[in-house]
Every structure is written in C-alpha cells, then in structure tokens.
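Structural description and commentary
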Amino acid sequence: MKNVLGDKKSILILVGPALLVYTLVMLVPVFWSLGYTVFEGNAIVGFTFVGLDNFATMIGDTRVHDALWFTIRYAFVITIGQVLFGYALSLLYVFVLRRSSSIVRTLVFFPVVLPTVAVALMFQKMFEVAPQNGLVNELLNAVGIPSVDWFGSAGSAFLVIAVMDIWRSMGFYGVLLYAGLVDIPEETLESARLDGASGLKLVRHIVIPLSLPVLLSSIIFSINGTLKVFDSVLALTNGGPGTTTSPLTLYMFQTSFTYGEYGYGSTIALLLTILCLVVTVFIFRSSRRDLTKG
Amino acid sequence: MSAPALQRTTQQATRQPGRRPTQRSRTTRRLVKKVPTTILVAILLVLVVYPLVWLLLGSFKTNAEFLNNPTWSLPSQFTFDNYVEAWNTGNIAQYATNSVLSVFPALFFIILFGTAAGFALEVLVWKGRGGVLLAFLIGIMVPTQMILLPLFTVYFQTGLTGTLWPLVITYTAIGLPLTVFMMATYFRAIPREVFEAATLDGASIIRTFFSVGMPMVSNAIFTVALVQFFFIWNDLLIALTFTNSSDLRTIQVGLLNFNGEFGATNYGPLFAAICINVFGTLVLYLILNQRVQKGLTAGSVKG
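What you see is a predicted model; the values in this text were computed from it and never measured.

1. Side note on the overall build of chain A
When helices and strands are tallied, chain A shows 13 helices and two strands. Here chain A, with 294 residues, has 46% of them falling under the buried criterion.

Okay, structure coming up:
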C-alpha cells in the first residue's frame, strides 16, 4: 500500500508546482533581501557594497526609533482594543443574545470584509474638519463642542487610526472568541450557577479561565497582524501629521520606493521580520496542540 | 456541590411556590429586563451600520449639497450621475478590470497548486514532508516587506514590469502557504482508506487526487478560495509596489489615487467610488456570510 501512495513521480507532480512557486517567489527573496542589507543603491542605478553601514545608520536613525516606537505602541493599543471589544461581543453573543445572536454576529462582522482603503477614506471623510465638517465634528457641534482637527496632531490622528482599526476588526475577534466560548460545556456553567455564581462573577471565575487558550491565541494573532500594519495607516493619514504616525512598514516603503534606497529598506524590513519572528515563536508555543491536531 | 450551596438551592426551590408571580407580571418583568440589552445592541448596530448608510447616501449628493447641507441630510435626488462619473471619468472601470484580471488567475493557481500540495503532504507518504510543511508554515509569518525589493528587481530586469504578471505571480506565492496549511488540515479529516481503495481499484495517484480527493474537499476549496479572494482583492501593498503606470492600477490603488487626484474637491464621485468598492465585497459577504465568517476565522493565523 505504502508503495502506491509513495510514488515519487506523482508526489513531484502534485507538490512540485506549489513548492517551486513558493521557493522562487518567497523563500529565495527572503535570503536575497538579507543580502541587500549590506549594499547601497537600487535596481536601476546598481548596487555598491557598504558592509554593515546600513545597520549602523539604523541604530542612530531617529526616524527608525520613532517608527519602531509607533509600531509597538500601535500593536499594543490595537491588540488590547480588538481583543477586549471582541471578547465583550462574544460574551454578548453567548450569554445575552444566545440563539438570536446570528443576525447581530453577521452585521458586526460587516466591516471585516471591506477593503481597507475604502474604509480608511470613509473615516477620513467622517473625521474631516475642512473644507467642511464630517459626521463626527457635526455630532460634536450638536452637543456644543467645537470642531476638532483630528488629523492635525499626532495624538488625535493616532486615536482615529485606533478607532478605525477596532471598528474594522472587533466583529472578527467577536466571532473567533465566540467559537471558543460556545465550546464551554453547559453543565459546567450550570453547576457554577447552582453554586451561586452569576453575572460578572461567573465570567471572572469560570468563563475567562476556560476561554484562556482561545483568548491567548487571539492576542497573538492580533499582535502579529498589527505589527505589519500598512494599508490603514497609509490610506488614512499617510504617516502624518509629519511622520508622527508612520509605522516601520510605511518607513520601509518610503525609503525603498520614494528614495530608492533598497539596502536601507531591506535593513528596516529585517528589523520588522525579527520583530514578527519573536511573536511567531510565541504563536507556535501557544497553539502547537491545535496545529498537530488540525 | 458544597453543603451551603446545596442548602441555598433547596431554599430557592422551596421559596418559589410561595410567591409565584402571575403570568402578566412575569412577562413585563422579562421585557423590562430586556430593555438595556436591546438598547446596547441597537447602539452597537448603529455604530457598525450607520457609517455605511451615510456613505451610500453621500454617493447620491451633488457637490453643492455636500457644502451647504448638514452632513446627515438626505440627498435631494437619487441619480447615478456620481457613479457614472466615477466609473468613466474616474477610471474605476479600468481599475476594477485590472483587479479582476490579476485576482482571478492568481486564485486559480493558488487553489490548484495549494490543494495538490496539501494532498501530497497529508495523504501521500514520503520522506521530508514534515520539513516541507514547516517551510510553508514559515511563509505565513514572513512580512511581505521582506520579499518586495528582490521581486521588484527581478520583475524589472525580466521586463515583466508594465504588465499584470507581477501581481498574479506574487499573489499566487503569498496565498500558497495558508492554502497548503488549510487544505492539509481538511485532507487530514478524510480516512486514508478512501484513497487506498481508489488506488486499489487501479486509479493512479494523480487520478485519485482529481476524481476522489478534490471532490471530497470541494466545500473546503470553496471556503479557502473565498478567504483568499478577500485577502488578495483587498491588498494594497503589493499592488502599490508593482503597478508603475495608471493603466495597471488595481481598484484599491486606483481608489487611493482617486482621493488625491479627483476626490479632494469632488465629493460625490469619491463617495460613489468608495461605494462601488465597498458594496461589491459586501454583496458577496451577504450571500455567503456564514461561510465567510468561518473561513476568515479559520485563516486567522495569517493575522
């Protein structure tokens, strides 16, 4: 039997194309990009070897420090926001709405599938102050608060990005965590209720401990995704005002394609990759069981 | 159950018949209890849905209406002028065509190659398949920024820049790791005996894959295709990097530039262009919502 299902030629035909495309377009470029970190120049003007200069520049580059700090701050705030709102939603679905939660789940999941660029432009218009007020400022005016120039300062621009990304993804984490919560056996909850636990007490002592694994994976997925943030920031603020909201990804993109510095761009990309890799190690640690079980 | 707790439940049980509420007061109490929940859910739904409604209404307004009326006013007429202008003058038609021409060929290759590899990795028996699966898994985590520059160089030197091929090729490669991983998981759920029986009946492995394997996971294939469609259709980074002329822009890149070139003063067409982009994916989601939710959460490792 093993001989038939182990036919070398067939295996090659089936796994070959995928492996070839994947190797040529992903694996090779990763190492190629590593090589770029010791060069200067770009595809059009050619490359010159500069040794470790790019790394030395990066260590002293305040824009890299700012971008790294923004990336970490963003990942931290958005992860907490996404998972917290997602968890609140999933509790709402499971314990309050119960069987009628399907329609709410479907509606709140809406924004997840929408193109980021479209959502970002929509938020730009919603938070607009000039030439005329957007939805948010009109609402503020209606309750007597003057219009705010949301994209005029780093703090408020960050707030708008955070609001947008949480709006976009809370439905996703709601459904993800919901799948974990419905797995809690009804008997466990029932016996806890008989013991007198109810409301927040039930959540605090029974639900949170039992949903800890799925909560933990959500947090890690979220960090891994938010570290790579690009579309939403580019389309919403383009890193502004100034460069106060530009993450590593955006700085890498500008360095590479606006200034044509491939070597330095690759060095920043490497920093980002290492950052993600550290998180990835955690992913495999925490979800190893799921991976082998399927 | 502990003794005091048991006592408490018996107390509750014995207390119950003493003050049995009438049917009516019980119903009212239940309704009153539901009020906060209803309000909460209503606020939630307004927060999620109203921006989209506002967007849709805005797409029918004239520029004068935008400037003179409050932003939540209804449009005075429902004409499709803005849509026509965005579609033709704003080139959204061209951008949408480019998106279709780059996304669907890539989807075809992702599904064909990814399913075959998933089958080979899970059903067939060979040395090193663990290593190959791990290699694919690594690809899920690598940030796209890490492969952009070498690819740009290669596409530039081979003369592919200026066509949609860089997008098709890159999308295919980016989509493969997750597809292989998900398909391997689905094949794992099928008993091996099914495939062994097929080969015993004289089918070659390739034949077994196409006439037994693929039909058995056709549901999963559809889900994975849907997930990949959303990832690729909504992509900005790759499309932005590899499209050097305005003729090649995908709908996302087109919309981004639309805002700069056209929309800063021309609100109506910009809103219409955003609407075309948003409601296209929304319709697809509304038809297949359960499957999209399941698929996207299953692909959450991608982050």
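2. Examining the overall build of chain B
Of regular secondary structure, chain B possesses 15 helices and zero strands. Counting the 303 residues in chain B, one finds 43% classified as buried. Taking as baseline every contact in chain B between residues at least 6 positions apart, the subset at least 24 positions apart corresponds to 76%.

3. Notes on the confidence of the model for chain B
All names here are of chain B. Residue-level pLDDT values for chain B average 81, and 87% of them are 70 or greater. This model gives residues 1-19 a pLDDT under 50, and the stretch forms eight contacts once residues within four places in sequence are excluded. Both scores are given for the predicted complex: the pTM is 0.85, the ipTM 0.86.

4. Let's talk about the interface of chain A and chain B
In this complex, chain A contributes 75 residues to the contact, which on the side of chain B involves 83 residues. The element best represented in the side of chain A that touches chain B is helix α1 (residues 8-36) of chain A, accounting for 17 residues. The class makeup of the residues in the side of chain A that touches chain B is 51 nonpolar, 18 polar and six charged.

5. Overview of the environment of A:Leu234
Position of A:Leu234 among the secondary structure elements: in helix α11 (residues 231-236). In this view, A:Leu234 contacts A:Leu250 and B:Leu236; residues no more than four positions away in its chain are not counted.

6. What to know about the nonpolar core
Among the nonpolar cores identified, the biggest contains 160 residues, and A:Ala18, B:Ala117 and B:Ile274 are the most heavily contacted of them. For this core, the element with the highest residue contribution is helix α8 (residues 165-188) of chain B, accounting for 15 residues.

7. What to know about the environment of A:Val278
All names here are of chain A. Along the chain, Val 278 turns up in helix α13 (residues 262-293). According to the C-beta neighbour criterion, Val 278 is exposed, with 11 such atoms within 10 Å. For the pair formed by Val 278 and Asn 224, sequence separation is 54 residues and the distance between their alpha carbons is 9.6 Å.

8. Some remarks on the packing of helix α3 (residues 62-97) of chain A against helix α7 (residues 154-181) of chain A
All names here are of chain A. Axis separation between α3 and α7 bottoms out at 6 Å; the angle between their running directions is 45°. Comparing the axis directions of α3 and α7 gives the class oblique. Considering only the axes of α3 and α7, their crossing is right-handed. Together, Val 77, Ile 78, Gly 81, Gln 82, Val 83, Phe 85, Gly 86, Tyr 87, Leu 89, Ser 90, Tyr 93 and Val 94 of α3 and Ala 162, Asp 165, Ile 166, Ser 169, Met 170, Tyr 173, Gly 174, Leu 176, Leu 177, Tyr 178 and Leu 181 of α7 make up the contact between the two elements. Along the lines of polarity and charge, the residues of the contact of α3 with α7 split into 16 nonpolar, six polar and one charged.

9. What about the pairing of strand β1 (residues 39-42) of chain A?
Residue and element names in this part refer to chain A. Here four bridges tie β1 to strand β2 (residues 46-49), and the two strands are oriented antiparallel to one another. Bridge pairing in β2 places Phe 39 opposite Phe 49. Connecting the antiparallel pair β1 and β2 is a turn made up of three residues.

10. Details of the environment of A:Val30
Relative to the elements of secondary structure, A:Val30 occurs in helix α1. We classify A:Val30 as partly exposed; it has 18 C-beta atoms within 10 Å. Residues A:Val30 and A:Ser266, 236 residues apart in the sequence, show an inter-C-alpha distance of 9.7 Å. Filtering out sequence-adjacent residues up to four positions away, A:Val30 remains in contact with B:Val142, B:Met146 and B:Ile147.

11. Concerning helix α7 (residues 145-157) of chain B
Those residues of α7(B) not exposed but buried are B:Gln145, B:Met146, B:Ile147, B:Leu148, B:Leu149, B:Pro150, B:Leu151, B:Phe152 and B:Tyr155. With its phi angle positive at about 80°, B:Gly159 sits one or two positions after the end of α7(B).

12. Remarks on unusual backbone geometry
Residues and elements named next belong to chain A. A positive phi angle, near 50°, is found at Asn 238, a position not held by glycine. Secondary-structure assignment places Asn 238 in the loop between α11 and α12 (248-258). Under the C-beta neighbour-count criterion, Asn 238 is labelled partly exposed, with 17 such atoms within 10 Å.

13. A short note on the confidence of the model for chain A
Per-residue confidence for chain A gives a mean pLDDT of 84; residues scoring 70 or more make up 94%. Overall, residues 290-294 of chain A carries pLDDT values under 50, and its contacts beyond four positions in sequence, including any with other chains, amount to two contacts.

Conventions and cut-offs
Residues numbered from 1 in each chain as written. Chains lettered and ligands numbered in written order. Predicted model: local features only at pLDDT ≥ 70, side-chain atom pairs only at ≥ 80, totals over all residues. Helix = DSSP H or I, 4+ residues; strand = E, 2+ residues; numbered from the N terminus. Buried ≥ 20, exposed ≤ 12 C-beta atoms within 10 Å, placed from the backbone. Contact = placed C-beta atoms within 7 Å. pLDDT = per-residue confidence, 0-100. Nonpolar A, V, L, I, M, F, W, Y, C, P; charged D, E, K, R; others polar. Core = buried A, V, L, I, M, F, W, Y, C linked by C-beta atoms within 7 Å. Axes fitted to C-alpha atoms, helices over the stretch in contact; angles between N-to-C directions. Parallel < 35°, antiparallel > 145°, perpendicular 65-115°, else oblique. Left-handed = near helix turned anticlockwise from the far one by under 90°. Pairing = 2+ DSSP bridges.

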